[in-house]
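Working through the structure, step by step
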Amino acid sequence: MNTTNRHITLFVALGIALVLLFMANISLGAVKIPLSDVAQSLTGGEASKTSWQYIILNYRLPKAITALLAGMGLSIGGLMMQTLFRNPLAGPDVLALNSGASLGVAFVILASGILPAAMVGLFLSAYGIVLAATAGSFIVLLAVLAVAQRVRDTMAILIIGLMFSSFTGAIVGVLTYFSTAEQLQKYTFWAMGSLGNLPWNNIILLAVVIAIGLALALLTIKPLDALLLGERYAKSLGINFKRTRFIIIMATSLLTGCITAFAGPIAFVGLVVPHIAKLIFKTSRHGILFLGTLLTGAVLMLFCDIFTQLPGSSFILPINAITSIIGAPVVIALLLSKRKGIFN
């Protein structure tokens, strides 16, 4: 089997896995719904029971779509960051956008005691938290873009991103120190991440922003191939490196910031999935890796989300815990495989 046929076979296999996991994600949960009823509901028909129809359309379908979008967005963001910084441990959070979102939410939740009583209800609502996370990410984005325009060395942006993360983490730590148990609990629940409870209008907005981010990422496929051999090589091919870097940062910021705002910070997906895609497809060509990473990220997130639902139980585990449990061993395995040339 030649390389092209192998890649096509892998794309088809991932596509089938994606459909099966999407159906399983909707079928499994506290109430198990037969796959036939899920298929009937998703194709315009009605499930055997009215309650199943309501659960599918109002709870499980939105959550499955959110998992799909989050997996795609975070994975592509991680792929771009790892290539831009030529660092296999870079993820979409290296720009400190997650930290900015966390800081915005921390101000709203942990500092709610100093806000006027009339504003507390507004800021502590679901929309208030999303707006706070978005504002925090946007402020950090502006700071990173300002630095990117003034700094030539790409690695300096990576270091500055880490410094932003440390700075925002310190402020969150101070707010945590003076917070009540109730405030800490609310903030902890947000920080653990959740793919559920998003209304359809939020999902549509999330899908639009992610589509824009992915469209920008598509523009960088050829420059990313050149960047694998270094910044100087890319410039020798006539690539406008500063413009390319700006587009990559903007695309990653849109993908990461929006997902963090709506679903909370989700760990390891953006870090691990690009490496899994490279292992599966055995190529460094971003034309192949883009779609491969997109599908792998969606499959992995749906797989993780199934485990959060604990089939047959009413308990739902935080998505961040599951992605970390699955992602950490993968990172360790990749590190141990470094000498074999797998980790690149």
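Conventions used here
- Residues numbered from 1 in each chain as written.
- Predicted model: local features only at pLDDT ≥ 70, side-chain atom pairs only at ≥ 80, totals over all residues.
- Heavy atoms only, no water.
- Helix = DSSP H or I, 4+ residues; strand = E, 2+ residues; numbered from the N terminus.
- Rg over C-alpha atoms; globule rule 2.2 N^0.38 Å.
- Buried < 20%, exposed > 50% of the residue type's maximum accessible area, 1.4 Å probe, protein only.
- Contact = heavy atoms within 4.5 Å.
- Lys, Arg positive; Asp, Glu negative; His and termini not counted.
- Charge placed at Lys NZ, Arg CZ, Asp CG, Glu CD.
- Axes fitted to C-alpha atoms, helices over the stretch in contact; angles between N-to-C directions.
- Parallel < 35°, antiparallel > 145°, perpendicular 65-115°, else oblique.
- Left-handed = near helix turned anticlockwise from the far one by under 90°.
- Nonpolar A, V, L, I, M, F, W, Y, C, P; charged D, E, K, R; others polar.
- pLDDT = per-residue confidence, 0-100.
- Core = buried A, V, L, I, M, F, W, Y, C linked by side-chain atoms within 4.5 Å.
- Expected span 1.5 Å × (residues − 1).

Turning our eyes to something else, we now look at the overall build of the protein. Across its full length, the protein holds 15 helices and zero strands. Taken over C-alpha atoms, the radius of gyration comes to 21 Å for the protein, in line with the 20 Å a tight globule of 344 residues would show. With the C-alpha coordinates aligned to their principal axes, the bounding extent of the protein is approximately 60 × 60 × 35 Å. Counting all 344 residues of the protein, 51% fall into the buried class. Nonlocal contacts in the protein, meaning residues at least 24 apart in sequence, comprise 76% of its contacts between residues at least 6 apart. Between the mean site of the 21 positive side-chain charges and the mean site of the 8 negative ones, the protein shows a separation of 12 Å.

We now examine the packing of helix H4 (residues 97-110) against helix H8 (residues 181-191). Following both chains from N to C, one finds H4 and H8 inclined at 155 degrees, their axes separated by 10 Å at the closest point. Classified by the angle between their axes, H4 and H8 sit roughly antiparallel to one another. Handedness of the H4/H8 crossing: right-handed. The residues of H8 that touch H4, namely those facing Ala101, Ser102, Val105, Ala106, Ile109 and Leu110, are Gln183, Leu184, Lys186, Tyr187 and Trp190. Class assignment for the residues of the contact of H4 with H8 results in eight nonpolar, two polar and one charged.

Note: predicted coordinates in regions of low pLDDT should not be interpreted at a detailed level. Confidence in the prediction for the protein averages 85 pLDDT; 91% of positions are at 70 or higher. By mean pLDDT, the top-scoring element of the protein is helix H14 (residues 286-308) (94), and the lowest-scoring one is helix H5 (residues 117-123) (52).

This part is about the nonpolar core. Formed by 93 residues in total, the largest nonpolar core has its most connected members in Phe85, Leu95, Ile266 and Met301. Excluding its chain neighbours within four sequence positions, the residues that come into contact with Leu95 are Met81, Phe85, Val140, Val144, Ile157, Ile249, Thr252 and Ser253.

For helix H13 (residues 269-281), with 13 residues, the first-to-last C-alpha span of 18 Å sits near the 18 Å given by 1.5 Å per residue. In the stretch just after H13, Lys282 is the one whose phi turns positive, near 50 degrees.

What follows covers the packing of helix H1 (residues 3-27) against helix H3 (residues 50-85). Angle between the axes and distance between the axes: these two values describe a pair of packed helices. Orientation of H1 relative to H3, taken along the N-to-C sense of each, is 140 degrees, at an axis distance of 9 Å. Classed by the angle they form, the pair H1 and H3 counts as oblique. Of the two possible hands of crossing, H1 and H3 adopt the one that is right-handed. Of the residues in H3, those touching H1 at Leu18, Phe22, Asn25, Ile26 and Ser27 are Ile56, Arg60, Leu61, Ala64, Ile65 and Leu68. Residue composition of the contact of H1 with H3, grouped by class: eight nonpolar, two polar and one charged.

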